[in-house]
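Structure assessment
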Amino acid sequence: MLEKFARLCVDSRKIVLVVVFLATAILSFFAQRIEVKTIFEDLQPASHSYIQVHERFKNTFGGTNIITFMIEAKEGTIFQMSVLDKVQKITRGLLKIDAINEFQIYSLAGKKLKEVRASTEGISTRPYMWPNLPKSQAEIEELKQAVLRNPLVYGPYVSEDLRATLITVDFFDDLLDYNLAYEQAYDLIARVTDDSVDIRLVGNPVLYGWVNHYLPETVNLVLLALTIFLMLLFIINRTWRGTILPLLSAAVSAIWALGVAQLCGINFDPLVVVIAMLITARAVSHSVQMITRFHEEIDNVPEGQKLCSITAAKKTLQDLVRPGLLGIATDAGCVAVVAISPIPLLQKLVVLAIVWISTVAISSVILTPVLLSWVKKPKTYAHGLNLDLLLIRPFLDFCVRIVATRARYMVVAIATVIFVVCGVYSLNLKVGDANPGSPILWPEASYNKDSAAINEQFPGADRMFVVVGGDHMNQAKDVQVLDTMLRFQRYMEAQEEIGGTLSIADILPAVNMTLREGNFRYSELGDSNLVNGELMYMFENAAEPGDLNRFVDVSRTNASITLYFGDRQGTTIRTAIARINQFIDENPEVQQAKIHLAGGVIGVIAAVNEVILSGQIQSIALALFILVMMCILVYRSSIAGMFFMVPVVLSNLVTFAFMAWQNIGMNINTVPVAALGIGLGVDYALYICDRIKSEYQLGKEPLEAISISLHCAGRGVLVTALVLIASICVWLFSSLRFQAEMGMLIALWLTVSALSALFLMPALAYICKPKFIFGNNQKITQRANSRVVGGEYEPQH
Amino acid sequence: MNILRSTSGEYQPSEPANPVKTIGQKTFSIFLSLIPWSIVAGLLWAGIFIKPQTMVEVVIPPAIEKRDNIFGISVVTAEKMWLVGNYGKILHSEDGGKNWVRQTAATRRHLQDISAWNDQTAVVVGNGGVIFITADGGGTWTEVEAPKSKIANKLIRVHTYAGGEAWAVGELGMILHSEDYGQSWTRMREEEDVIMNDLIKLDDNRILVVGEYGRLFQSRDKGKTWQDNYTASPSSLTAIDFRTPLDGVIVGLDGAILVTGDAGETWSLIDKDISGITEHLMDVQWSELTELWVAVGNKGKWIKFSGDLKNFQAGSLSSTDLSSHTELAIVKGGFITVGANVGYMAFETNHFTDF
């Protein structure tokens with residue numbers, strides 16, 4: 001059936017071409033309109049219980065898009081007019097940033113940070129320097145004393161050495177545009193900054209703003225990679241068609257995929273551009289396989305035969321359509337299973353990737369031979385440098401020699417050792433970020449430097465909140481509930497990476513003490529629910545409505561405890577979560593109130609980290625399942641499934657081990673690459689083994705069949721691997737550490753896949769002689785016979 | 001295994017594949033075809049059931065945690081001392097405060113004060129009117145019964161005297177007396193809505209108690225009857241101490257300092273312009289060694305002055321440490337003060353070191 005399809009495609013090549021051209025033209029219209037942006041919410045596994053808590057409370061207890069400014073005096077403390085003036089300018093400037101939540105601005109110059117003091121009428125509150133700055137040195141000194149007195153400000157918002165102060169602000173998630181926020185925030189800093197202060201800035205919108213900032217560089221790298229790729233193809237293939245056609249198929253599949261993605265409303269995350277490279281790599285390798293085979297076939301067509309190109313194209317398509325489609329179907333199937341992940345970003349990515357991979361079936365497997373059918377038999381080459389003779393053929397001969405000699409056992413032994421060593425080593429793979437700072441950027445990137453500086457001066461810029469509450473109103477006033485909250489905070493602060501915690505239970509003792517004439521012996525919670533309710537009322541009465549909202553909801557049903565984290569490392573977060581759970585185990589319920597995990601940036605990352613490891617293992621399992629099913633379908637053998645598992649498992653293990661070695665954590669950013677990479681390694685092996693099989697069926701000796709396969713399909717493998725690895729290396733120079741690391745991973749992936757296809761698979765095939773390759777079936781023999789007898793030409797190897 | 005053979009381009013059908021398999025071969029091939037499925041199943045199992053394990057390290061918090069409020073201190077010798085504080089915390093040191101050992105009392109109430117007769121017997125009072133005693137250096141703390149009010153019961157200070165005598169004061173005009181090392185307690189004055197903050201026994205019969213709103217209560221008959229006076233200070237009085245039977249000092253909120261030279265018959269208020277302090281003062285003690293009065297209080301303030309009420313010197317424990325302190329204890333040429341933090345300040349250097 002596949003053969004008929006192949007013939008049909010080449011016979012009606014003009015129609016195929018017109019259809020492909022029209023589709024490409026239409027889809028390119030949509031493709032160019034695709035939105036390039038990162039949406040942090042897309043990373044949230046919506047079904048996870050933490051995310052549900054986060055979504056419910058994020059607007060009051062703190063979302064994931066909080067940005068933090070640190071204003072640091074270069075000399076002396078912040079209590080000097082020039083510095084305070086800058087604090088005020090930034091605070092006021094924030095209001096002009098789009099999508100800012102003006103009720104969530106916390107700054108010395110804002111309305112929300114207040115001093116609580118006793119007065120004749122009870123207690124009163126007063127913003128520190130809103131609306132006006134202090135006017136004299138005496139007033140500055142008064143401000144300083146007021147700050148020092150308030151543990152909710154001194155420490156969390158003004159550093160212990162008084163040299164720095166923070167301004168934090170949240171955004172309305174649905175209105176937020178990272179790029180705009182990033183630009184406006186840095187604009188604001190540029191307007192205000194001078195020699196007297198250092199102003200630092202961190203937060204998710206800023207981080208993703210940086211990613212977008214490097215977008216032009218990313219595009220340049222893509223173009224550079226493309227140039228290198230074309231040059232190398234041209235040098236190696238020595239023909240224009242060998243250069244242009246792979247490029248064409250890559251372009252067509254990219255246009256189709258992006259066009260369809262745009263139609264489905266999927267945005268393109270600049271962080272997954274490496275994935276795009278990975279899939280493009282597949283498109284190219286399929287196309288190169290076609291061209292290599294076509295060359296071989298056209299050489300076999302006797303000189304002078306009419307329509308020799310068409311014949312060769314037909315033969316190429318006919319023979320390669322099976323491994324080609326099998327490779328693509330396996331890739332697509334393996335990628336599809338990643339959709340079981342509850343992370344929307346991955347689900348969207350899967351749609352994009354499947355579409356992309358599927359288009360390779362048309363752009364490479366069908367379009368390339370169809371276009372080749374117009375190509376005349378080459379008479380000369382475009383240049384004289386024959387790498388085939390110098391490099392490729394000797395290398396492939398070497399591959400054959402390895403299989404032919406006892407060295408083949410050595411190959412299997414080495415692979416086994418690598419398998420075991422990498423298997424053991426990959427157990428060290430860290431889930432979550434492996435280093436402090438953002439793994440997306442290099443450690444010396446200004447964002448990471450800012451982040452380190454802020455985390456050094458302050459309890460921590462990244463927050464998590466847990467919610468204490470239940471179904472009953474006024475639970476948050478309960479003595480035991482509040483007492484449990486304080487115990488929880490004390491317990492959590494014992495963990496080194498947690499810089500501090502904050503809740504309503506920290507505020508009430510201060511209010512109580514103020515009401516008790518400032519007697520420190522009364523710096524404690526009220527001893528009844530009534531008293532605590534009164535303390536809350538007193539505080540809120542003195543402050544503005546809504547000032548307590550970040551601590552407790554209006555019905556006093558749920559209260560928040562905010563934990564400040566000094567870093568986002570996987571182990572830090574996992575330890576914190578484990579400790580929280582330990583506390584919950586010991587205090588399952590207090591007055592029907594429970595502790596609910598977990599919101600804020602750290603809560604979301606914790607949820608992600610919890611799903612990615614099991615998701616990844618499940619994905620590998622299902623990907624292997626798909627592979628086995630495909631093999632059963634095509635080769636009617638589950639042994640074939642096991643056989644092709646070898647390169648897949650090997651490349652996954654090597655990659656994991658590499659990640660563990662290089663301290664690259666399995667986190668929200670790396671997981672798409674790792675997940676989609678699972679299946680994208682098998683098609684090299686498929687081409688090689690399929691060719692061995694068909695040669696063997698044509699009556700070759702096993703070794704001869706392997707040799708032919710290595711020299712044809714193997715050449716395709718070697719050429720694509722070389723060209724792709726060389727062009728991927730440009731990513732090492734990316735300003736985004738993430739892209740550099742992922743580039744390295746993909747290069748590694750391709751190397752392992754290529755090497756296992758060139759050395760390991762032939763060696764294994766020769767040693768084990770599996771039946772699905774060296775089958776001795778009557779039918780196959782007959783078919784082979786009849787094909788040769790009734791064929792259009794005789795092979796002349 | 002048979003393989004296809006070709007001779008000069010002509011193909012020969014080969015012998016039938018798989019001639020006859022032995023049972024062993026069959027089993028082996030079934031085994032082989034099961035391998036991929038078992039790998040898939042194993043991985044799936046791992047993916048569903050294996051979660052990253054976290055070893056939760058047992059973090060042993062320091063004896064005095066960052067969040068701790070220590071309200072009371074009792075120094076037996078320069079080496080041996082006790083601290084009490086929030087959530088039933090009792091700490092004991094045998095090396096002058098370098099190391100602290102936690103002692104357990106069965107309560108989570110805040111403990112406000114401790115006083116020791118010697119290094120074995122001591123008494124602790126706290127919120128809710130709780131009283132704990134020990135007779136074995138704190139190895140066991142036993143709660144004892146004491147009279148309570150129905151309204152409020154925070155006990156604030158306790159003082160011990162020779163012969164197993166102890167006095168404690170607290171909310172609602174509470175004055176408690178014990179003569180048996182704290183085993184039993186008697187209420188010495190009827191309930192009244194005033195907080196008693198400190199007390200001193202001047203001789204076998206005379207007891208002075210200071211309280212809210214500048215009030216001073218005196219008994220000349222060992223607590224049977226009480227004389228109620230308003231001092232010149234409108235602010236609440238928090239602590240009282242005598243350096244001789246005649247010369248005493250009372251401190252209070254808003255920097256109130258009252259002094260007497262006639263065994264407490266008359267008290268005069270020190271002008272704040274002279275003392276130079278307006279912050280709350282919470283405790284006062286006489287340092288025999290340096291012959292100085294010293295008082296501590298809110299916002300990290302301290303004040304010291306000579307016995308003849310001259311040379312007032314006020315200062316801060318540190319420029320950024322505005323922690324409040326509730327008590328102090330003279331140790332050698334300086335004092336340990338407790339509150340939002342615990343530390344030692346030497347009189348000579350005025351340098352404060354956090355424990």
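The structure displayed is predicted, hence computed values, not measured ones.

1. Overview of the confidence of the model for chain B
Residues and elements named next belong to chain B. Residue-level pLDDT values for chain B average 88, and 92% of them are 70 or greater. Between residues 1-18, whose pLDDT stays under 50, and residues either more than four places distant or in other chains, the model counts 29 contacts. Model confidence for the complex is summarised by a pTM of 0.84, with the ipTM given as 0.88.

2. Regarding the environment of Met666 of chain A
Residue and element names in this part refer to chain A. Within the fold, Met666 resides in the loop between helix 21 (638-661) and helix 22 (670-677). On a C-alpha basis, the gap between Met666 and Gly570 in space is 9.0 Å, while along the polypeptide they are 96 residues apart. For Met666, the residues in contact, after removing those within four places along its chain, are Leu429, Lys430, Val431, Ile612, Leu613, Gln616, Met659, Val671 and Ala674.

3. Observations concerning the pairing of strand 9 (residues 131-134) of chain B
Residues and elements named next belong to chain B. Here strand 9 shows no split at all, with Ile131 and Ile133 on one side and Phe132 and Thr134 on the other all buried. Pairing between strand 8 (residues 122-126) and strand 9: four bridges, direction antiparallel. Bridging across to strand 9, Val124 finds its partner in Phe132. Hairpin remark: strand 8 followed by strand 9, antiparallel, with four residues in the connecting loop; positive phi at Gly128, about 75°. By the bridge criterion, three bridges tie strand 9 to strand 10 (residues 142-144) in an arrangement that is antiparallel. By the bridge assignment, Ile133 is partnered in strand 10 with Thr142.

4. Points about the sheet that holds strand 26 (residues 313-316) of chain B
All names here are of chain B. Taken in spatial order, the four strands line up as 23-24-25-26 in an open sheet, and their pairing is antiparallel. Single-partner strands in this sheet number two, and they are strand 23 (281-287) and strand 26. Averaged over all adjacent pairs, the angle separating strand axes in this sheet is 20°, with direction ignored. In this sheet, strand 24 (residues 292-297) lies alongside strand 23 in antiparallel orientation, the contact comprising six bridges. Bridging from a neighbouring strand, Val284 pairs with Ala295 of strand 24.

5. Overview of the sheet that holds strand 30 (residues 352-354) of chain B
Residue and element names in this part refer to chain B. If you trace the four strands from one edge of the open sheet to the other, you get 27-28-29-30, paired in antiparallel fashion. Of all the strands in the sheet, just strand 27 (325-331) and strand 30 have a single pairing partner and so form its edges. The mean inter-strand angle of the sheet, taken between neighbouring strand axes irrespective of direction, is 25°. In this structure, strand 28 (residues 334-339) lies alongside strand 29 (residues 343-346), joined through four bridges in antiparallel fashion. The residue of strand 29 that forms the bridge with Phe335 is Met345.

6. Considerations on helix 8 (residues 215-237) of chain A
Residues and elements named next belong to chain A. Here helix 8 is 23 residues long and its end C-alpha atoms lie 32 Å apart, about the 33 Å a rise of 1.5 Å per residue gives. Among all positions in helix 8, only Thr218, Leu221, Ala225, Phe229, Leu233, Ile236 and Asn237 are buried. Two residues or fewer past helix 8, Arg238 is found with a positive phi of approximately 60°.

7. Description of the pairing of strand 7 (residues 462-469) of chain A
All names here are of chain A. Where burial is concerned, most of strand 7 is hidden: eight out of the eight residues are buried. Here strand 7 shows a buried face lined by Asp462, Met464, Val466 and Val468 and a second buried face lined by Arg463, Phe465, Val467 and Gly469. One ladder, built from eight bridges, connects strand 7 with strand 9 (residues 558-565); its direction is antiparallel. Each residue of the ladder has a partner; that of Val467, found in strand 9, is Ser560. One ladder, built from four bridges, connects strand 7 with strand 10 (residues 594-599); its direction is antiparallel. Each residue of the ladder has a partner; that of Val467, found in strand 10, is His596.

8. Here we look at the packing of helix 17 (residues 504-515) of chain A against helix 18 (residues 529-542) of chain A
All names here are of chain A. The interhelical angle for the contact between helix 17 and helix 18, taken along N-to-C directions, is 85°, at an axis separation of 9 Å. It follows from the interaxial angle that helix 17 and helix 18 lie roughly perpendicular. Contact residues: helix 17 offers Ile507, Leu508, Val511, Asn512 and Leu515, while helix 18 offers Asn532, Leu535, Met538 and Phe539. When grouped by side-chain class, the residues that make up the contact of helix 17 with helix 18 number seven nonpolar, two polar and no charged.

9. Some remarks on the nonpolar core
Ranked by internal contacts, the top residues of the largest apolar core, which has 280 residues, are Leu624, Leu627 and Ile688 of chain A. With sequence-adjacent residues up to four places away left out, Ile688 of chain A is seen in contact with Ser709, Leu710, Ala713, Gly714, Val717, Ala757, Met761 and Pro762 of chain A. Membership of the second largest hydrophobic core comes to 85 residues, among which are Ile64, Met81, Leu237 and Ile270 of chain B.

10. Comments concerning unusual backbone geometry
The general pattern is negative phi for most residues beyond glycine and trans for most peptide bonds. With omega at 0°, the peptide bond leading from Trp130 of chain A into Pro131 of chain A counts as cis. For Pro131 of chain A, the location among the structural elements is in the loop between strand 4 (122-127) and helix 5 (137-149). Of note, the amide linkage connecting Leu597 of chain A to Ala598 of chain A takes the cis form, showing an omega dihedral of -15°. In this fold, Ala598 of chain A is placed in strand 10. You will see that Tyr87 of chain B, though not glycine, has its phi angle at about 50°, which is positive.

11. With respect to helix 2 (residues 13-31) of chain A
Residues and elements named next belong to chain A. Taking 1.5 Å per residue, 19 residues should reach 27 Å; helix 2 reaches 26 Å between its end C-alpha atoms and fits that length. All of the buried residues in helix 2 are Arg13, Val16, Thr24, Leu27 and Ala31. Looking straight down helix 2, one finds that the buried residues subtend no more than 80° of arc, so they occupy a single side. In helix 2, the exposed positions that point more than 90 degrees away from the buried face belong to Lys14, Ile15, Val18, Val19, Phe21, Leu22, Ala25 and Phe29. Buried residues belonging to helix 2 abut helix 1 (2-11), helix 9 (240-263) and helix 12 (344-372).

Cut-offs used in this document
- Residue numbers run consecutively from 1 along every chain, following the written order of its sequence.
- Labels are handed out in written order, letters beginning with A for the chains and numbers beginning with 1 for the ligands.
- Local features in a predicted model are, by the rule used here, given only for residues with pLDDT of at least 70; side-chain atom pairs are given and counted only at 80 or more, and totals for whole chains, interfaces and linings are based on all residues.
- For every residue, the pLDDT score states the predictor's confidence, bounded by 0 at the bottom and 100 at the top.
- By the convention adopted here, residues make contact when the C-beta atoms placed from their backbones lie within 7 Å.
- Numbered from the N terminus, helices here are DSSP runs of H or I no shorter than four residues, and strands are runs of E no shorter than two.
- Exposed residues have 12 or fewer other C-beta atoms within 10 Å of their own C-beta, buried residues have 20 or more, and partly exposed residues fall in between, where C-beta atoms are placed from the backbone.
- A pair of strands is considered paired only if DSSP assigns at least 2 bridges between the two.
- Every angle, taken between N-to-C directions, lies between 0 and 180 degrees, and every axis is a line fitted to C-alpha atoms, over only the stretch in contact when it is a helix.
- Multiplying 1.5 Å by the helix residue count minus one yields the expected span of that helix.
- Angular relationships are summarised with four words: roughly parallel below 35 degrees, roughly antiparallel beyond 145, roughly perpendicular across 65 to 115, and oblique for the angles in between.
- Under this grouping Gly is polar, as are all residues other than the nonpolar Ala, Val, Leu, Ile, Met, Phe, Trp, Tyr, Cys and Pro and the charged Asp, Glu, Lys and Arg.
- We define a nonpolar core as a collection of buried residues of the types Ala, Val, Leu, Ile, Met, Phe, Trp, Tyr and Cys that are connected via C-beta atoms lying within 7 Å of each other.
- By construction, the arc corresponds to the directions joining the helix axis to the C-beta atoms.

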